[in-house]
Amino acid sequence: MRKDQTLGAYLFSQGVSRRGFLKFCSATASLMALPPTMVGRVAAALENARRPSVIWLSFQECTGCTESLTRSHAPTVESLIFDAISLDYHHTLQAAAGHGAEAAREAAMEENAGEYLLVVDGSIPIGNPAYSTIAGISNLDMLKESAANAAAIIAVGTCAAYGGIPHANPNPTGAVSVSDIIKDKPIINVSGCPPIPVVITGVLAHFLTFGSIPELDELGRPKAFFGQSIHDRCYRRPFYERGQFAKSFDDEGARQGWCLYELGCKGPTTYNACATLKWNEGTSFPIGSGHGCIGCSEPDFWDKGSFYRPIAAGLWGSRDALLGAAAAGAAIGIGTALAARSKKKRANAAKETEST
Amino acid sequence: MTLLDFARGPALQWSMIILVAGVLWRLGGTILINAKKDLSKARKEHAVADGLKTIATRSLPAHQFEKNIRFQHFSGYAWHIALFVSVLFFAPHILFFESVLGFGWPSLPNSIILITAAIALAILFALLIRRATHPVQRIISNADDYISILVVIAPLITGILAFAHLGARYETLLAVHLLSVEALFVWFPFGKLMHTALTFPSRYQAGSSYGRKGVRA
Amino acid sequence: MNSNAENLRNFRSRLEAIGEGANGEDPMSDEERVRRAGNAFLREINGRMAVDLETCIHCGMCAEACHFYEATQDERYTPAHKFDPLRRFYRRELSPMRWLFRPFTRKVDAAELREWQELVYDACTGCGRCDMMCPMGINISELIVVMRKGIASAGLAPPEVQALQNEQLTGGSLFGVDAAKLRELVSQLKSQQIEVPLDQPKADILVLTTAVDVLVFTDALAALARIMNRSGASWTLSSKAFEAANVGLISGNTSAQALASGRIIDQAAAIGAKTVLIPESGHAYQALRWEGADSSGNELPFEVLAISEFVTRELDAGRLKFKAAANGRSVTYHDPCRLGRHGGVFEEPRRLLEAMGLENRDTESNRRENYCCGGGCGEYTISRAAPLRQKVFEIKRREFENTGADAVITACSNCRVNLMIGAENARWQKPIESLVETVAKNLTDA
């Protein structure tokens with residue numbers, strides 16, 4: 001597999017038929033919400049694309065994002081396209097170890113300066129850089145160093161995109177997201193805990209096709225995948241509209257597949273493609289399995305109260321505060337009434353001096 | 001912190017603290033100003049029963065008086081009932097009450113809630129226009145009257161928009177809806193919305209003070 | 001018996017003379033007026049009124065209960081507007097949230113007190129009809145009374161009311177009716193074989209009368225004497241305390257009110273009266289029956305009865321009997337506000353009419369919802385308000401005509417004076433009669 005080989009040449013050499021390739025292109029186009037007329041352009045672009053060098057950095061993470069990616073069933077177009085990039089550095093997947101691994105990263109950065117893609121999963125501890133180091137290099141330094149000559153950065157998973165679980169209150173490591181540190185490079189946030197594999201490959205396909213990053217929402221996520229809420233595309237939505245809600249996970253409503261809003265589903269405030277692309281080869285997604293969305297692709301999803309607390313319920317502190325307010329209010333009321341009484345007494349006393 | 005987190009968290013907490021403290025402050029401070037004992041000999045000794053009765057009967061149509069106030073009376077019934085149905089029987093609202101009170105109750109279908117909310121909104125607009133144009137209401141109106149009507153209209157509008165997912169993303173609509181309700185909570189103890197609580201002692205007094213003279217009030 | 005019309009004419013010119021002869025405002029600086037009005041408001045606003053003042057939602061439905069608004073469609077006559085300065089004063093000075101409300105609530109000034117004089121004296125008779133209508137259960141009339149008290153303390157009561165109040169406060173007489181005038185009438189009645197016990201040292205019942213009866217409705221006093229004599233009760237009039245009318249209650253001067261009530265209460269105690277009988281006067285009934293104890297600070301050691309209550313009781317006890325006088329005559333009983341809505345006496349007068357064989361045809365508004373005569377609570381003494389009063393009278397006239405009854409009967413000489421003046425101005429011929437006179441006429445001889 002030579003670096004200057006085009007993607008088309010490589011795929012055909014791997015036994016992919018033209019028909020199969022075009023099928024992949026139209027799937028990719030529809031994935032990116034492109035009109036069908038763009039399929040030809042996608043095909044032409046992909047066929048002639050050079051396999052780009054990809055450096056994958058794993059910081060404070062659980063490897064779930066990588067696991068998600070590798071759980072896609074082979075052979076799939078996703079796996080093919082992963083064959084089609086030159087993944088030059090990835091802890092979990094690369095064969096090299098120790099100094100050899102670091103040498104590979106340095107070589108890739110040097111050879112492809114200004115052209116390589118940097119993929120990051122995991123958050124970066126800045127409270128004390130020693131919380132997470134690779135080959136003696138702190139995550140912070142490695143990110144800065146690797147980002148310096150990258151063409152673009154893809155922050156895979158909610159940890160890289162928004163700090164994720166390490167960032168959750170009380171955030172002992174001082175974890176931050178990639179975009180908190182890198183300000184001068186295009187960053188694509190592919191959030192989710194983990195993200196949908198097809199979304200990762202879709203973003204790569206877009207980059208390969210157009211050589212640019214896709215249109216992003218205000219949280220830096222590709223609109224093609226994060227433009228609609230889970231709730232908007234949920235197959236249980238009609239039950240919501242009708243006000244039919246499961247009240248517990250084992251009641252008749254739950255068995256009938258009614259809306260899980262009352263069980264704390266965060267679908268209405270969560271933007272992701274789970275309801276359309278689904279997981280495990282398009283088999284299902286959490287709501288399809290009877291559990292509400294936990295909102296994992298949103299910033300701070302871990303700190304928004306219980307997963308089982310409905311969105312309509314407040315996130316307020318405690319009833320004690322209200323009892324305190326009641327006591328304070330009553331006390332002020334009694335005070336003002338007593339003051340009013342003494343004011344009336346003074347007016348009564350003043351009456352003696354008035355003639356009329 | 002997102003707008004929704006703010007609306008669901010600190011804004012909700014503080015608005016409820018203001019609501020609870022303000023209501024007790026105003027209610028306690030009013031009732032305790034002093035009650036002079038009436039030394040005259042009552043004609044009837046069931047002033048308490050008369051007071052309680054008037055709390056109920058003042059909600060009924062007013063017989064001879066009715067002819068000139070029919071519109072106000074029945075529009076008043078209609079929008080209050082429609083508002084209470086919308087507030088109390090919309091499933092997400094019940095979840096909210098459950099989170100505060102610890103218990104819930106059955107909800108009504110969303111289609112009905114949408115209709116009641118629209119009815120309440122339409123009537124409130126009509127009443128707002130009436131207040132701004134009718135000579136009697138104009139002369140007795142002050143800022144409180146307009147603020148109070150607006151803080152009730154706002155949650156209805158934002159609620160309908162959030163329900164229909166119209167105009168912005170759901171979490172923004174929901175946050176704005178919550179904030180509009182919180183605005184209502186904050187205004188409640190200071191304006192005439194307090195009649196929700198004050199009408200009970202007020203009607204009771206009318207019933208008992210007229211009742212002890214032998215007059216059904 | 002035909003002297004009523006002439007007496008009324010004399011009384012009318014006397015009323016007009018009061019207005020012309022009265023002084024203007026009490027000399028006082030505007031700051032002093034505002035201060036005094038404020039002190040009166042502070043004294044008078046109690047917890048009940050505080051609740052009412054906090055509860056008003058400005059719906060304006062009260063306007064539709066007000067005969068002054070109905071007759072003129074003038075929005076200034078909306079009852080809730082009539083106590084607006086009081087509401088603002090309360091919000092600035094007594095409300096639990098006064099510190100928050102004060103910056104947003106305009107202060108009451110002397111110009112407003114002057115402006116509101118018309119609204120609460122000329123255009124409000126305190127009838128309380130709005131109290132019955134208010135969806136929030138606010139006792140609006142009570143709040144307007146406090147407005148009168150504030151304005152009176154500021155020396156801004158209308159000149160007529162002020163003059164009458166001063167007369168009662170200083171000399172104890174009213175419209176020039178003093179003890180000598182009473183004695184004159186008593187001896188006049190004696191010459192007509194009507195015995196009126198005057199100044200008996202001890203009596204079970206102290207009977208009161210009013211200047212209006214002495215001057216205009218002398219027959220009413222005669223009728224009252226006949227009823228009392230027929231019942232065989234031990235009763236007396238007292239030259240020290242015969243005046244039932246209480247101008248302090250009308251003007252809003254609590255000291256004057258307490259003084260007038262005190263005269264009666266002291267005299268009743270002196271003669272050991274168990275009952276004080278109020279003549280046909282609504283506000284006199286309110287002043288003693290419902291407010292007498294509060295003005296004096298003690299529970300009353302006697303009961304207070306309106307004539308219709310007394311006669312009903314005597315009828316039930318068999319001490320009085322009516323002739324079977326059923327002649328198919330129909331009447332309309334007009335409930336005086338302060339005897340009915342403010343007093344609770346609705347059914348006794350109707351029972352008496354029925355017992356006398358008269359058909360009572362109630363007006364569409366009756367009892368607790370009855371329209372005021374339009375001149376109550378001293379309103380009919382204010383000359384400048386005559387045109388307004390006449391408009392309001394038309395409401396009564398329409399209601400009376402709709403019943404088709406032969407006559408109007410009432411149990412308040414002030415209602416009667418006012419209705420008769422209205423009828424005379426409108427050249428309306430319906431007789432306006434007195435309940436006590438009708439009762440006296442229908443008593444059996446033995």
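Predicted, not measured: the structure shown is a model, and the values here were computed from it. Here, residues in each chain are numbered from 1, in the same order as that chain's written sequence. Chain labels run from A onward and ligand labels from 1 onward, assigned in the order the entries are written. Where totals are concerned, whole chains, interfaces and linings use all residues; where local detail is concerned, this predicted model gives features only for residues with pLDDT of at least 70, and gives and counts side-chain atom pairs only at 80 or more. Excluded from the side-chain calculation are hydrogens and water; included are all heavy atoms of the structure.

### Comments concerning the overall build of chain A
Put simply, the rule reads: The helix and strand labels rest on DSSP assignments: H or I over at least four residues marks a helix, E over at least two residues marks a strand, and numbering proceeds from the N terminus. For the radius of gyration, the atoms used are the C-alpha atoms, and the globule rule reads 2.2 Å times the number of residues raised to 0.38. All accessible areas in this document rest on Shrake-Rupley with a 1.4 Å probe, and a residue is counted as covered only by the protein chains that are shown.
In terms of regular secondary structure, chain A is built from 16 helices and nine strands. Taken against the 2.2 N^0.38 rule, which gives 21 Å for 356 residues, the C-alpha radius of gyration of chain A at 28 Å runs more than 25% over that of a compact globule. In terms of overall dimensions, chain A has C-alpha extents of about 115 × 50 × 40 Å along its principal axes. For chain A, the exposed area adds up to about 15,600 Å²; of that, 55% sits on carbon and sulfur atoms.

### With respect to the layout of surface pockets
If a probe the size of a water molecule is rolled over the atoms, the empty space left behind becomes visible. Heads up, the rule is: Using protein atoms alone on a 1 Å grid, points that fit a 1.4 Å probe yet trap it form a cavity, whereas open point sets bounded by protein on both sides within 12 Å along at least five of seven lines form a pocket; residues with an atom within 4 Å of a point count as lining. Grid points are joined across faces, edges and corners, and a volume is the space filled by probe spheres set on the points. Under this grouping Gly is polar, as are all residues other than the nonpolar Ala, Val, Leu, Ile, Met, Phe, Trp, Tyr, Cys and Pro and the charged Asp, Glu, Lys and Arg.
Counted as a void, the second largest pocket has a volume near 1,200 Å³. Considering the residues around the second largest pocket, the lining is formed by 46 residues, among which K36 of chain B together with E44, K149, E291 and D294 of chain C are closest to the centre. Element by element, the count of residues in the lining of the second largest pocket is highest for helix α10 (residues 140–153) of chain C, at seven residues. Considered class by class, the residues forming the lining of the second largest pocket number 13 nonpolar, 16 polar and 17 charged.

### A few points about unusual backbone geometry
All names here are of chain A. Quick note on the threshold: Buried residues are those whose accessible area, probed at 1.4 Å on protein chains only, stays under 20% of the maximum for their type, while exposed residues exceed 50% and partly exposed ones sit between those limits.
Along the chain, N169 connects to P170 via a cis peptide bond; the corresponding omega equals 10 degrees. Here P170 lies in the loop between α8 (157–162) and β8 (175–176). The omega angle of the peptide bond from C193 to P194 is 0 degrees, so this bond is cis rather than trans. Of note, P194 is situated in the loop between β9 (187–190) and α10 (197–210). Positive phi values are uncommon outside glycine, yet K278 reaches one of about 60 degrees. Looking at the secondary structure, you find K278 in the loop between α15 (274–277) and α16 (319–351). Of the residues examined, K278 reaches a relative accessible area of 28% and is grouped as partly exposed.

### Here we look at the sheet that holds strand β5 (residues 330–334) of chain C
All names here are of chain C. Using the following cut-off: By the convention used here, strands pair only if DSSP detects at least 2 bridges between them. Residues count as neighbours in contact if any of their non-hydrogen atoms are within 4.5 Å of one another. Angles run from 0 to 180 degrees between N-to-C directions of axes, and those axes are lines fitted to C-alpha atoms, restricted for helices to the stretch in contact.
One open sheet holds the four strands; their spatial order is β6-β5-β7-β8, and the pairing between them is parallel. Taken across any chain shown, the strands that pair with only one partner, and hence form the sheet edges, are β6 (359–360) and β8 (432–434). Here two bridges tie β5 to β6, and the two strands are oriented parallel to one another. Across the sheet, V331 pairs through a bridge with N360, a residue of β6. Strands β5, β7 (407–410) and β8 of the sheet are contacted by helix α22 (residues 413–426), whose axis makes an angle of about 165 degrees with β8.

### A closer look at the pattern of salt bridges
Under the convention used in this document: Salt bridge, as used here: a side-chain nitrogen of Lys or Arg that lies within 4 Å of a carboxyl oxygen of Asp or Glu.
Using the criterion set out here, one finds 51 salt bridges over all chains in the structure. A salt bridge links D38 of chain B to R212 of chain B, with the shortest nitrogen-to-oxygen separation between them at 3.1 Å. Taken together, the positions of D38 of chain B in the loop between α2 (10–31) and α3 (47–57) and R212 of chain B in the segment after α10 (195–211) put the pair 174 residues apart, joining distant regions of the chain. Of the charged contacts, one joins R87 of chain C and D84 of chain C as a salt bridge, the two residues approaching to 3.0 Å between their closest N and O atoms. With R87 of chain C and D84 of chain C both in helix α6 (residues 84–93) and three residues apart, the pair spans about one turn of that helix. You can call D84 of chain C buried: its relative accessible area is 16%. In the salt-bridge network here, residues are joined through shared partners; they are D84, R87, R88, R106 and E112 of chain C.

### Some points on the interface of chain A and chain B
Short version of the rule: The quantity reported as buried area is the accessible area (1.4 Å probe) lost by two parts once they are put together, taken as the sum for both. Pairing of N or O atoms within 3.5 Å defines a polar contact, subject to two protein rules: one partner must be a possible hydrogen donor and the other a possible acceptor, and residues neighboring in sequence count only if both atoms are side-chain atoms.
With 42 residues of chain A at the interface, the matching set in chain B holds 34 residues. Taken together, the two surfaces of chain A and chain B that pack against each other cover about 3,400 Å², and 60% of this comes from carbon and sulfur. Linking chain A with chain B are two salt bridges, by the criterion used here. Between E218 of chain A and R169 of chain B there is a salt bridge whose closest N-O contact spans 3.6 Å. Scanning the region where chain A abuts chain B turns up eleven residue pairs in polar contact (both at pLDDT 80 or more). Of all the secondary structure elements, the ones that give two or more residues to the side of chain A that touches chain B are α12 (230–233), α13 (237–241) and α16 of chain A. The residue makeup of the side of chain A that touches chain B, split by class, is 20 nonpolar, nine polar and 13 charged.

### Observations regarding the packing of helix α2 (residues 30–44) of chain C against α10 of chain C
The relative placement of two packed helices is expressed as an angle between their axes plus a distance between the axes. All names here are of chain C. Here is the rule: Note: crossing handedness is left-handed where the near helix turns anticlockwise from the far helix by less than a right angle, and right-handed where it turns clockwise.
Running from N to C, α2 and α10 cross one another at 145 degrees; their axes reach a closest spacing of 7 Å. When you trace α2 past α10, the crossing you get is right-handed. Contacts from R36, A37, A40, F41, R43 and E44 of α2 reach α10 at V146, M147, K149, G150 and S153. The residue inventory of the contact of α2 with α10, partitioned by class, reads five nonpolar, two polar and four charged.

### Let's talk about the domain arrangement of chain A
Residues and elements named next belong to chain A. Note the threshold: Domain start and end points were adopted from an automatic or database domain assignment.
Examined at the domain level, chain A breaks down into domain 1 (7–226) and domain 2 (237–313). The C-alpha centroid of domain 2 is placed 28 Å from the C-alpha centroid of domain 1. Every contact between the two is made by 23 residues of domain 1 and, on the other side, 16 residues of domain 2. Carbon and sulfur atoms make up 68% of the surface buried where domain 1 meets domain 2, a total of about 1,500 Å² over both sides. At the surface where domain 1 touches domain 2, the tally comes to one salt bridge. Here R221 and E298 are joined by a salt bridge, their closest N and O atoms 2.9 Å apart. In this structure, the connection of domain 1 to domain 2 is made through six residue pairs in polar contact (both at pLDDT 80 or more).

### Some thoughts on the packing of aromatic side chains
Residue and element names in this part refer to chain A. Spelled out, the test is: Ring pairs shown here join Phe, Tyr and Trp side chains whose ring centres sit within 6.5 Å, with only the six-membered ring taken for Trp; geometry is labelled stacked below 30 degrees between planes, edge-to-face above 60, and tilted in between.
Throughout the structure, instances matching the rule amount to 17 aromatic pairs over all chains. Ring centres of F245 and Y261 lie 6.0 Å apart, and the angle between their planes is 50 degrees; this geometry places the pair in the tilted category. Here F245, found in the loop between α13 and α14 (252–255), pairs with Y261, found in the loop between α14 and α15; they are 16 residues apart in sequence, far enough to count as distant. Across the pair, Y261 and F245 agree in class, each one buried.

### Regarding the interface of chain B and chain C
Contact with chain B, which involves 54 residues of that partner, is made by 64 residues of chain C. Across the interface of chain B and chain C, roughly 5,200 Å² is buried in total on both sides, 56% from carbon and sulfur atoms. The largest per-residue losses of area from chain B upon contact with chain C belong to L39, R43 and F65 of chain B, which jointly make up 14% of the total buried on that side. A salt bridge links E309 of chain C to R43 of chain B, with the shortest nitrogen-to-oxygen separation between them at 2.8 Å. Across the chain B-chain C interface, the total number found is 29 residue pairs in polar contact (both at pLDDT 80 or more). For the side of chain B that touches chain C, the secondary-structure elements that each account for two or more residues are α2, α4 (66–89), α7 (135–140) and α10 of chain B.

### Some points on the domain arrangement of chain C
Residues and elements named next belong to chain C. Taken domain by domain, chain C comprises domain 1 (30–156), domain 2 (160–315) and domain 3 (321–441). Here domain 1 and domain 3 have C-alpha centroids that lie 29 Å from each other. Contact with domain 1, which involves 21 residues of that partner, is made by 23 residues of domain 3. Of the roughly 1,800 Å² buried between domain 1 and domain 3 on both sides combined, carbon and sulfur atoms contribute 56%. Summed over the three residues of domain 1 that lose the most area to domain 3, namely D122, R129 and M132, the buried surface amounts to 32% of that side. In this structure, the connection of domain 1 to domain 3 is made through two salt bridges. When the shortest N-O distance is used, the salt bridge between E70 and R398 registers 3.5 Å. The tally of links from domain 1 across to domain 3 stands at eleven residue pairs in polar contact (both at pLDDT 80 or more). When residues of the side of domain 1 that touches domain 3 are traced back to their parent elements, those giving at least two are α4 (67–72), α8 (110–122), α9 (129–133) and α10.

### Some points on the confidence of the model for chain C
For clarity, the cut-off: Across the chain, each position has a pLDDT score giving the predictor's confidence in that residue, from 0 to 100.
Taken over all residues, the pLDDT of chain C has a mean of 93, while the share at 70 or more is 98%. Here the complex is predicted with pTM 0.89, and the ipTM for its interfaces comes to 0.94.

### Digging into the sheet that holds strand β1 (residues 205–207) of chain C
Strand pairing in a sheet is mediated by backbone hydrogen bonds. Such pairs are either parallel or antiparallel. Residues and elements named next belong to chain C. Within the open sheet, the four strands sit side by side as β2-β1-β3-β4. Their pairing is parallel. Looking at the sheet topology across the chains shown, the edges are occupied by β2 (235–236) and β4 (303–306). Inspection of the sheet shows β1 paired to β2 by two bridges, in the parallel sense. Within the sheet, the bridge partner assigned to L206 lies in β2 and is T236. Relative to β4, helix α17 (residues 282–290) is tilted by about 160 degrees, and along the sheet it contacts β3 (275–278) and β4.

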